[in-house]
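# Fold and contact review
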Amino acid sequence: MSTENVKIVELNAENWYDCCELEVSTEQKEYMEPNAISIAQSKFEPTLKPYAIYDEEKIVGFLMYNTVQEELDGYWVYRIMVDKEHQGKGIGKAATKLMISEIAKLPNAKKIVVGYHPENFGAHNLYSSLGFIDNGDRFGKEMAVIKIVTE
């Protein structure tokens, strides 16, 4: 299975609607908002950057991060999802790596932070495999894990 065809493209007039139609599995639904909510949020919070995740020419996922630093002096990942039909192929991991490269270009990028529900084991496995560390930070029902950005 190859992930070199995975790319992330900033949300635009051509791809936003396809992102709204993507769905996670039933078990994952309790952990995240629909993409349409995130896309709407990005229109009111202009520092948020939404992207479509492509596998070759097909839109298979969605991600969004903030371009200003927030809590824990880090850039926060707001959303990463891969459609239920395309999960388990390494697409989420490949897209997350691409996103980390984008965030690393932001001013003074030393930390990337992502919050997720402690029982979301898929998220936990993904982020720990990419070097995100749990330092015990908690925000409401979510745990926050941190990746130190290396130059």
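See the structure above.
The text that follows walks through the structure, step by step, so that each part is easy to find. Predicted, not measured: the structure shown is a model, and the values here were computed from it. (Residues numbered from 1 in each chain as written. Predicted model: local features only at pLDDT ≥ 70, side-chain atom pairs only at ≥ 80, totals over all residues. Heavy atoms only, no water.)

### Section: the sheet that holds strand β4 (residues 75-82)
Spatially, seven strands are ordered β1-β2-β3-β4-β5-β7-β6 in an open sheet, and the strand pairing comes out mixed. At either margin of the open sheet sits one strand with a lone partner, and together these are β1 (6-10) and β6 (133-139). Neighbour-to-neighbour, the strand axes of this sheet turn through a mean angle of 30°, independent of strand direction. Bridge count between strand β2 (residues 48-55) and strand β3 (residues 58-66): eight bridges; the pairing is antiparallel. When the sheet's bridge partners are listed, Tyr-51 is paired in β3 with Leu-63. (Pairing = 2+ DSSP bridges. Helix = DSSP H or I, 4+ residues; strand = E, 2+ residues; numbered from the N terminus. Axes fitted to C-alpha atoms, helices over the stretch in contact; angles between N-to-C directions.)

### Overview of the pattern of salt bridges
Enumeration over the complete set of coordinates arrives at six salt bridges. Among the salt bridges present, the one from Glu-57 reaches Lys-7, with a minimum N-O distance of 3.7 Å. Pair noted here: Glu-57 is in the loop between β2 and β3 and Lys-7 is in strand β1, with a separation of 50 residues, a long-range link. In this structure, the salt-bridge partner of Lys-29 is Glu-23, at a minimum N-O distance of 3.9 Å. Exposure remark for Lys-29: the relative accessible area of 42% places this residue in the partly exposed category. Sharing partners across several salt bridges, the network here consists of Glu-23, Lys-29 and Lys-84. (Salt bridge = Lys/Arg side-chain N within 4 Å of Asp/Glu carboxyl O. Buried < 20%, exposed > 50% of the residue type's maximum accessible area, 1.4 Å probe, protein only.)

### Quick look at the pairing of strand β7 (residues 142-148)
Of all seven residues making up β7, five are buried, and the element is well covered by its neighbours. In this sheet, β7 lies alongside strand β5 (residues 111-116) in antiparallel orientation, the contact comprising six bridges. Its bridge partner lying in β7, Tyr-116 is registered against Met-143. Sheet topology note: the β6/β7 ladder contains five bridges and is antiparallel. Within β7, the position partnered with Phe-139 by the bridge is Glu-142. Between β6 and β7, which pair antiparallel one after the other, the connecting turn spans two residues, and Gly-140 there sits at a positive phi close to 60°.

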